[in-house]
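# A closer look at the structure
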Amino acid sequence: MEVRRGIAVAPGVAIGPALVLGSEDFRIPQRFVRVDAVDAELSRFRAALAAAVAEIAGHEELAATRLGQQYGAIFAAHRQLAQDPKLLLEIEDLIRQKCYSPEFASSRVLRKHAKTLQNLGDRYFAERANDLFDLEKRILRHLLGERREELTQLTAPVLVLAHNLTPSETANLDKKFVLGFATEVGGKSSHTAILAGALELPAVVGVGSFLADVSGGETVVIDGNEGTVIIDPDEETLGSYRDAERKMRSAAVRLSSLGPLRSETRDGVPIHIYGNIEFPDEVDHCLERGAEGIGLYRTEFLYLEGDREPTEEVQYDAYARVLKAYPQGPVVIRTLDLGAEKFPQTMQEVIEATPNPALGLRSLRLTLHNLAMFKTQLRAILRAATLGDVRIMFPLVSSLLELRQAKMILGDVLEDLEEERVAFNPKVKVGMMVEVPSAALMADEFGREVDFFSIGTNDLIQYTLAVDRANPAVANLYSSADPSVLRLIEGVVKAAGKYNLPVSVCGQMSSDPIYTPLLVGMGLRELSVTPQSILEVKQAVRNLTVAQARTVLEHARTLDVARDVDSFLRGEMKKLSAEMV
Ligand code: PEP
Ligand code: MG
C-alpha cells in the first residue's frame, strides 16, 4: 500500500481500479492471467517484444541514413534496452511465477527501473528513465494492439490518474465510468479543480510525481476530503474508507434537510446564496439545494466540450435550459472567459503563440479580438433574456476602456437585433467580475458604469499575490486569507455600497464556510458558490449573527499574515458550529 498526498479539490471518496493516462491514453485492462494460459502469454510477450525491437531497428536505420550515425545511436540504445537479458528475465519471471499479464509485468518492471533512475536526481539518468517509459509504451502498443482502451471509450468504472488533465479533457470525462481523478500537477483553484466539483467527482491534484508507481488496474482510493491517493490499499484501509463513505452519505442526508430552509443569519438578515455552474444540467443540483439563482454561469465550457464553436442556437438552448429552472431568480451569464489554460481545440494556434497565458490574450481581451464570436454569444444571451431575469457579466475587466468597449459592442448587438426584429430583452443588467487588482482598486470609478459587481477571488488572489492558481509548487502561497486580498475585497464592497450596487463573491473563497463570517462581516449579502457547497455555506450563515460576523472581521483586520487569519477563522468556525468542523 502506498499513500500519496496532494491537494484536495473536490470532496468525496472514490474506490476502484486505476486507469493511468500516459501520453497515449491507454490502460492495462487485465492484471492477471490463468495458470494454464501462462505459456501462451509468454509467447505473446516474446512476439510483442520482437515486433518492438524490429520497429526500433527500423527507426535506427532510418535515422542513421537520413541524419547520421549519432542519431541512429539513440535508437541503438533503445534497442539494447529492449534486448537486455536481465530486464527480460525479470518480466518473464513475473508472468511465469505470479501469473501477471505481459502488459502488467512489462509495465511494472520498466516503471520500477525508471523510477530508480529518476530518483537519482541527475539529468542524464532522468533521460534514461524516459527511454524506459518509451520502451514500455512501445511494448504495450504491440501487446494491446486494437484492444487499446481510450479514455473516450471506457466500458467499466475507473479512477483516472494522470500527469495533468486540461479543463477541456476534464469537461469531457464520462461520469458514467470515471469515479474520480488524481493528477500530478494542478492547484486548488485551477479550472480543472473547479470542474471536478461541477462534475461532483472526488479529486486530488498536485500529488507530485507518482505515476511511475502505478501501471493501471491496481485498486486505488482517491480521498477528495483529505487530499490523499492510496495505491493498493490493504483490507483494513479499504474497510475504514467504506465506513467513512457510509458516514458521509448520512451526513449529506442531514445537510439536505437545510435545502428548503431560508438562508438568513440568526438575527434574520438574508444572505442570498446563488450557484456557480459550468454546465446547464447543474441547475438541478442548485434547485435541489435551495440556491436562489445562478450567480455565475461559466459559459466557456460550451466551447471546451466539443471540437467546434457552438452556434448561436446551441448557446441559446443552453441558456434557455438554465432559465427554465430559474425563471424568477437571477441568472448571471458570464461572457466567454477563454484563454490561460481554457483553450478549445479550435484555438490551438493562439495557445502556442502565448508564452505567459494568464497575462496574455485571455477572457474579455480575447473576445474583444474576436468580435464575431463575441457578438454571436451576446445575441444568444439577449434572446434568452426574454425568458427570465438574465444579467450579463464581463470577465477579467482590467480597465475602464475595456469595459466601455465591451458595452459598445453590446450596444451594436442590441441595434442589430432590433433591426432584424428578433425578440430580445433590451433591459438586461450589465455587470463585471472584479478579479484583477486594477479593477478592485478602481472600483469607485467602475461603480458608475455597471449594474453590479461580482468578485472573482480565484483570479484576484493569483494576480494580487503573483501566485499561479494552478501550480502546486506555490500552492502554499495562494491564500484567500491574505490581508492584501481581504483589503481589496473590502474596498470593492465599500465602492458598491456608495452606488447601492449589488455585489457578490463568486470565487472559490465564498464556497468555503470558514470565510462566511468574514464576508458577511464585510457587508456581503450575496454569495455565489459551487453547487456542492450550497448547503454547508447555508448552514454557516444560519449559525451566525451579523454582529458576530462584524466582530470576526474586526479581529481579522488586526492580523497581518494569511496563516494567522486562516487559523483564527478556523477557530471561529469551530466556536460557531462544533458540528460542521
Ligand atoms: C474567479 O476568478 O474567481 C472566477 C470566479 O472565475 P474563474 O474561476 O472562472 O476564473
Ligand atoms: Mg476568473
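Now for a description of the structure that goes with this document.

Conventions we followed
Sequence positions are assigned chain by chain, starting from 1 and proceeding in written order. All chains are assigned letters beginning at A, and all ligands numbers beginning at 1, according to the order in which they are written. Note on the predicted model: pLDDT of at least 70 is required for a residue's local features to be given, and 80 or more for side-chain atom pairs to be given and counted; whole-chain, interface and lining totals, by contrast, use all residues. Values shown for side chains rest on all heavy atoms present in the structure; no hydrogens or waters enter the calculation. Put simply, DSSP marks the helices as runs of H or I at least four residues long and the strands as runs of E at least two long, and each gets a number from the N terminus on. Restricting the calculation to C-alpha atoms gives the radius of gyration, and the globule rule supplies 2.2 Å times the number of residues raised to the power 0.38. To sort residues, take the accessible area from a 1.4 Å probe on protein chains only and compare it with the maximum for the residue type: under 20% means buried, over 50% means exposed, and anything in between is partly exposed. Should any heavy atoms of two residues lie within 4.5 Å, those residues are considered in contact. Exposure was quantified through the Shrake-Rupley algorithm and a 1.4 Å probe, taking into account, for residues, occlusion by the shown protein chains and nothing else. Positive charge is attributed to Lys and Arg, negative charge to Asp and Glu, and no charge count is given to His or to the chain ends. Working definition for charges: the position is that of NZ of Lys, CZ of Arg, CG of Asp or CD of Glu. Paired strands, as defined in this entry, are two strands with at least two bridges between them according to DSSP. Lines are fitted to the C-alpha atoms to define the axes, a helix being fitted only along its stretch in contact, and any angle between axes, read from their N-to-C directions, falls within 0 to 180 degrees. In this text, near means that some heavy atom of the residue lies within 4 Å of the molecule or strand in question. We define a polar contact as two N or O atoms separated by no more than 3.5 Å, with the added condition that, inside protein, one atom must be a possible hydrogen donor and the other a possible acceptor, whereas residues neighbouring each other in sequence contribute only through side-chain atom pairs. Put simply, buried Ala, Val, Leu, Ile, Met, Phe, Trp, Tyr and Cys residues joined by side-chain atoms within 4.5 Å make one nonpolar core. Note on patches: the residues involved have over 30% relative accessible area and no salt bridge, like charges join within 9 Å, and the nonpolar side chains Val, Leu, Ile, Met, Phe, Trp and Tyr join within 5 Å. The term salt bridge refers to a side-chain nitrogen of Lys or Arg lying within 4 Å of a carboxyl oxygen of Asp or Glu. A 1.4 Å probe that fits but cannot get out identifies a cavity on a 1 Å grid over protein atoms alone, an open set with protein on both sides within 12 Å along at least five of seven lines counts as a pocket, and a residue lines either if it has an atom within 4 Å of a point. Grid points are joined across faces, edges and corners, and a volume is the space filled by probe spheres set on the points. Residues are grouped as follows: Ala, Val, Leu, Ile, Met, Phe, Trp, Tyr, Cys and Pro are nonpolar; Asp, Glu, Lys and Arg are charged; every other residue, Gly included, is polar. Looking down the strands as they point away from the viewer, one classifies a crossover as right-handed if the path from the first strand across the helix to the second runs clockwise. With water excluded from the atoms, a metal site may look incomplete; its donors are any N, O or S atoms within 2.8 Å, or within 3.2 Å for Na, K and Ca. The span expected for a helix works out to 1.5 Å for each residue beyond the first. The arc refers to the directions leading from the helix axis to the C-beta atoms.

Helix and strand counts for the chain stand at 23 helices and 16 strands. By the compact-globule yardstick of 25 Å for 581 residues, the chain fits well, its C-alpha radius of gyration being 27 Å. Its C-alpha atoms give the chain principal-axis dimensions of roughly 80 × 55 × 40 Å. With 581 residues in all, the chain has 55% of them scored as buried. A sequence separation of at least 24 residues applies to 70% of the contacts in the chain between residues at least 6 apart. Accessible surface for the chain amounts to roughly 25,400 Å². Of this, 52% is attributable to carbon and sulfur atoms. Averaging the coordinates of the 65 positive side-chain charges in the chain and doing the same for the 81 negative ones gives two points 3 Å apart.

Quick look at the sheet that holds strand E12 (residues 390-394) now. In space, the 8 strands of this closed barrel follow the order E9-E10-E11-E12-E13-E14-E15-E16, with parallel pairing throughout. On average, each strand axis in the sheet is inclined to that of its neighbour by 25°, with strand direction left out of account. The pairing of strand E11 (residues 331-334) with E12 spans 4 bridges and is parallel. Of the residues in E12, the one forming a bridge with Val-331 is Val-390.

So, on to the site of ligand 1. Ligand 1 sits among 17 residues. The nearest are Arg-298, Arg-334, Glu-435, Asn-458 and Arg-469. One of the backbone N or O atoms of Thr-457 is found 3.1 Å from an oxygen atom in ligand 1. Residue Arg-469 places a side-chain N or O atom 2.8 Å away from an oxygen atom belonging to ligand 1. Contact with the protein chains removes 100% of the 280 Å² of surface that ligand 1 exposes when unbound.

Another aspect to go through is the nonpolar core. Core analysis: the largest hydrophobic core is formed by 124 residues, its most contacted members being Phe-453 and Leu-518. For this core, the leading source of residues is helix H19 (residues 483-498), giving 8 residues. Setting aside its immediate chain neighbours within four residues, Leu-518 contacts Leu-486, Met-509, Val-552, Leu-553, Ala-556 and Leu-569. Grouped together as the second largest cluster of nonpolar side chains are 33 residues, Val-38, Ala-48, Leu-132 and Ala-212 included.

With respect to the helices and strands, Ala-380 occurs in helix H14 (residues 371-384). Measuring from C-alpha to C-alpha, the distance between Ala-380 and Val-185 comes to 36 Å, with 195 residues separating the pair along the chain. Those residues in contact with Ala-380 that sit more than four places away from it in its chain are Glu-312, Gln-315, Tyr-316 and Tyr-319.

The subject of this paragraph is a nonpolar patch on the surface. The grouping of Leu-67, Tyr-71 and Ile-74 at the surface amounts to a nonpolar patch, some 300 Å² of accessible area in total. You can see Tyr-71 is positioned in helix H2 (residues 69-82).

Moving on, we get to empty space enclosed by the protein. The final tally for this structure, using the stated rule, is 2 cavities of 30 Å³ or more. By volume, the largest cavity amounts to about 110 Å³. Contributing to the lining of the largest cavity are 13 residues, with Val-332, Arg-391, Phe-452, Ser-504 and Glu-526 lying nearest its centre. It is strand E14 (residues 452-455) that contributes the most residues to the lining of the largest cavity, 3 residues altogether. Looking at the lining of the largest cavity residue by residue, the classes come out as 8 nonpolar, 3 polar and 2 charged. Contributing to the lining of the second largest cavity are 14 residues, with Arg-298, Arg-334, Met-433, Glu-435 and Asn-458 lying nearest its centre. Listing elements by their share of the lining of the second largest cavity, those giving two or more residues are strand E10 (294-298) and helix H18 (457-465).

Another point: the pairing of E10. Every regular strand shows the same layout, with side chains that alternate between the two sheet faces. E10 sits mainly inside the fold: 5 of its 5 residues count as buried. Both strand E9 (residues 272-277) and E10 contribute to a ladder of 3 bridges, which runs parallel. For Ile-277, the partnering residue across the bridge sits in E10 and is Tyr-297. Traced from E9 through helix H9 (residues 283-288) to E10, the parallel crossover comes out right-handed. Sheet analysis places E10 next to E11, joined by 3 bridges and oriented parallel.

Two side chains that carry opposite charge are able to pair once their charged atoms sit near each other. Applying the stated criterion across every chain, the model contains 37 salt bridges. Between Arg-4 and Glu-2 there is a salt bridge, with the nearest N and O atoms lying 3.1 Å from each other. Arg-4 sits in the buried class, given a relative accessible area of 17%.

This paragraph deals with the coordination of the magnesium ion (ligand 2). With distances of 2.0 to 2.1 Å, the protein atoms coordinating the magnesium ion (ligand 2) are Glu-435 (OE) and Asp-459 (OD). Here the residue Glu-435 occupies a position in the loop between strand E13 (429-434) and helix H16 (437-441), and Asp-459 occupies one in helix H18, the gap between them amounting to 24 residues. Per residue, the accessibility class of Glu-435 equals that of Asp-459, and both read buried.

Within an α-helix, residues lying three or four positions from one another point in the same direction, as the helix has 3.6 residues per turn. Across its 14 residues, helix H3 (residues 85-98) extends 19 Å between first and last C-alpha, which sits within 8% of the 20 Å expected from 1.5 Å per residue. Listed as buried for H3 are Leu-87, Leu-88, Ile-91, Glu-92, Leu-94 and Ile-95. Down the axis of H3, the smallest arc covering the buried residues is 150°, so these residues share one side. Those residues of H3 that are exposed and angled more than 90 degrees off the buried face are Pro-85, Lys-86, Leu-89 and Gln-97. Taking the backbone nitrogen of Lys-86 as reference, a side-chain oxygen 2.9 Å away marks Asp-84 as the first, capping residue of H3. A positive backbone phi angle near 55° is found at Cys-99, which sits one or two residues after H3.

That's the geometry; what it means functionally is another story.
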